[in-house]
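# Summary of structural features
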Amino acid sequence: MLEQKEISPREAYANYMLGNSVFVDVRENDESARQQPDLNKLMHIPLSELEDRASELPADKPVICMSWVGSRSHNAARMLNQKGFHNVKVVDGGIVAWEDEGLPVR
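Quick look at the structure, then.

Calculation notes
Residues numbered from 1 in each chain as written. Predicted model: local features only at pLDDT ≥ 70, side-chain atom pairs only at ≥ 80, totals over all residues. Heavy atoms only, no water. Salt bridge = Lys/Arg side-chain N within 4 Å of Asp/Glu carboxyl O. Buried < 20%, exposed > 50% of the residue type's maximum accessible area, 1.4 Å probe, protein only. Helix = DSSP H or I, 4+ residues; strand = E, 2+ residues; numbered from the N terminus.

### Overview of the pattern of salt bridges
Between side chains of opposite charge, a pair can form when the charged atoms approach closely. Inspection of every chain in the model, using the stated rule, returns six salt bridges. Put simply, Arg27 and Asp25 hold a salt bridge, and the shortest N to O gap is 2.8 Å. Across the pair, Asp25 and Arg27 agree in class, each one buried. Residue Arg53 pairs with Glu49 through a salt bridge whose shortest N-O separation is 2.7 Å. With a gap of four residues between them, Arg53 and Glu49 both fall in helix α3 (residues 47-53), about one helical turn apart. Beyond isolated ion pairs, a larger network of salt bridges with shared partners links Glu49, Arg53 and Glu56.

Bear in mind that shape data such as this cannot, by itself, settle questions of function.
Shown next as structure tokens:
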């Protein structure tokens, strides 16, 4: 099994600025209405739907998973690894850490 790589919120934002990664908020629908990173093209696929909707993600780009504090992101990354995604990263500390770093939220 592949290991998920944790990256800092700043590393994740640098990936976003380069435009070479897909960002996925894996929080459930009611949670995602709360604060979220202000990223164009942030995909929202709840963890409970990820297995059925993984085909919506491009297999040729790094996937960066985000959740509120990061624990669900690890579950999402494991699931994506099992589905054949080999470049999956998790934002260390999740959206809470993202906001704490002063990165854009809405």
